[in-house]
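Summary of the model geometry
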Amino acid sequence: MTDIASASALGAAMATADRTPAGLTLARLDGLDLPPAPINPDWVLDGDPQARAVQIARGEDRYATLSVWDCTGGRFNWYFGCDEAVYILEGAVTVTGPDGEVRKLTAGDTAYFPAFTWFEWQVHGYVRKIAFCHDVVPPVARLPLRIYGRLSRIMARLVAAVFGAPRTQARPAP
């Protein structure tokens, strides 16, 4: 999905998704309006698959997203520009990896697709999935991020040593 399409889809999702002050996002999947998310026509191999998608959450660092995607029957290539973990909600799809391995995913199945890979998708009638996507941080940016993370942890320990550990609320018994 393009940034513009995902931004408008995120706005549409907010009608049925709610984010709490603590950052928890809740959504009723049966009430989501999924706008069209056309598959690149050059990728379609057979049929006329019609895809729709809506982004329901995005991480604070903008590297992670949670979306709902569905598609009608057809066969097409799909390029994963990010790491993507999926959970099939309904329907079925057969995926063929770059190594030729074939797997059928049906409702209740999960799968992980690594970034920068092509997979062939054969949608059998209809498929609906939840997709958790994580943009891969380029290698050149990883070292500064690790340094920043380490400095943040050191700072948190210093603050805790000076001001005391933050108070946590007791969890109610289950």
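Placed above this text is the structure.
Starting afresh in each chain, residues are numbered from 1 along the sequence in its written order. At least 70 in pLDDT is required for a residue's local features to be given in this predicted model, at least 80 for side-chain atom pairs to be given and counted, and no such filter applies to totals for whole chains, interfaces and linings, which use all residues. Heavy atoms from the whole structure form the basis of all side-chain values; hydrogens and water molecules are not counted.

For helices the rule is a DSSP run of H or I covering at least 4 residues; for strands it is a run of E covering at least 2, with both sets numbered from the N terminus onward. Scanning the protein chain from terminus to terminus reveals two helices and nine strands. Taken from N to C terminus, the helices and strands of the protein chain fall in the order α-β-β-β-β-β-β-β-β-β-α. Out of the 174 residues belonging to the protein chain, those deemed buried represent 30%. Summing over all exposed atoms, the protein chain offers an accessible surface of approximately 11,400 Å²; the carbon and sulfur share of this is 59%. Burial classes: relative accessible area under 20% of the type maximum marks a residue as buried, over 50% as exposed, and values in between as partly exposed (1.4 Å probe, protein chains only). Each accessible area value is a Shrake-Rupley result obtained with a 1.4 Å probe; residue values ignore everything except the protein chains displayed when judging cover.

Glancing now at the packing of aromatic side chains. Ring pairs shown here join Phe, Tyr and Trp side chains whose ring centres sit within 6.5 Å, with only the six-membered ring taken for Trp; geometry is labelled stacked below 30 degrees between planes, edge-to-face above 60, and tilted in between. Considering all chains together, one arrives at twelve aromatic pairs under this definition. Centroid distance Phe113 to Trp121: 5.7 Å. Interplanar angle 35°. Geometry classified as tilted. Trp121 matches Phe113 in its accessibility class, with the two residues each being buried. Through a chain of ring-to-ring contacts, three or more aromatic side chains come together here, namely Trp43, Trp69, Phe76, Trp78, Tyr79, Phe80, Phe113, Trp118, Phe119 and Trp121. The side chain of Lys129 reaches across the aromatic face of Trp69, ending 4.6 Å from its centre. Think of it as a cone above the ring: NZ of Lys or CZ of Arg counts as a charge over the ring if it is within 6 Å of the ring centre and within 35 degrees of the ring normal.

The working definition used for a salt bridge is a side-chain nitrogen of Lys or Arg within 4 Å of a carboxyl oxygen of Asp or Glu. Overall, the coordinates contain four salt bridges when judged by the stated rule. Measuring nitrogen to oxygen at the nearest pair gives 2.5 Å for the salt bridge that ties Asp70 to Arg52. Taken together, the positions of Asp70 in strand 5 (residues 64-80) and Arg52 in strand 4 (residues 51-58) put the pair 18 residues apart, joining distant regions of the chain. On the basis of relative accessibility, which here comes to 1%, the residue Asp70 falls in the buried class. Residue classification places Arg52 among the partly exposed positions, given a relative accessible area of 34%. Here Glu120 makes a salt bridge to Arg75, at a shortest N to O gap of 3.2 Å. Linking Glu120 in strand 9 (residues 117-134) with Arg75 in strand 5, this pair joins segments that are 45 residues apart in sequence. Assessed through its relative accessible area of 22%, Glu120 is described here as partly exposed.

Attention shifts here to the side chain of Ser67. The residue Ser67 is located in strand 5 in this model. Any pair of residues with heavy atoms lying within 4.5 Å of one another is described as a contacting pair. For Ser67, the residues in contact, after removing those within four places along its chain, are Val54, Gln55, Ile56, Lys129, Ile130 and Ala131.

So, on to unusual backbone geometry. The bulk of non-glycine residues show a negative phi, and the bulk of peptide bonds are trans. Backbone geometry places Phe116, a non-glycine residue, at a positive phi of 70°. Take Phe116: it is sitting in the loop between strand 8 (110-113) and strand 9.

Here the focus is a positive patch on the surface. For patch building, the residue pool is restricted to those with more than 30% relative accessible area and no salt bridge; the joining distance is 9 Å between like charges and 5 Å between nonpolar side chains (Val, Leu, Ile, Met, Phe, Trp, Tyr). For this count, His and the chain ends are skipped, Lys and Arg are scored as positive, and Asp and Glu as negative. Here the site of a charge means NZ on Lys, CZ on Arg, CG on Asp, or CD on Glu. Taken together, the side chains of Arg146, Arg150, Arg153 and Arg157 present a region of like positive charge at the surface. In this structure, Arg146 sits in helix 2 (residues 139-163). Residue classification places Arg146 among the exposed residues on the basis of a relative accessible area of 56%.

Within this scheme, the nonpolar core is defined by two criteria: the residues are buried Ala, Val, Leu, Ile, Met, Phe, Trp, Tyr or Cys, and they are joined through side-chain atoms within 4.5 Å. By size, the foremost hydrophobic cluster in this structure holds 23 residues, and its most contacted members are Trp69, Cys71, Phe76, Val93, Phe113 and Trp121. Of the residues forming this core, the biggest block, six residues, is contributed by strand 9. Formed by six residues, the second largest nonpolar core is a distinct cluster that contains Leu34, Ile56, Val68 and Ile130.

Turning next to the pairing of strand 5. At least two DSSP bridges between two strands are needed for those strands to be called paired. Pairing analysis gives two bridges linking strand 3 (residues 44-46) to strand 5, with the strands arranged antiparallel. By the bridge assignment, Asp46 is partnered in strand 5 with Arg75. For strand 4 and strand 5, the ladder comprises seven bridges, and the chain directions are antiparallel. Looking across to strand 5, one finds that Gln55 is bridged to Ser67.

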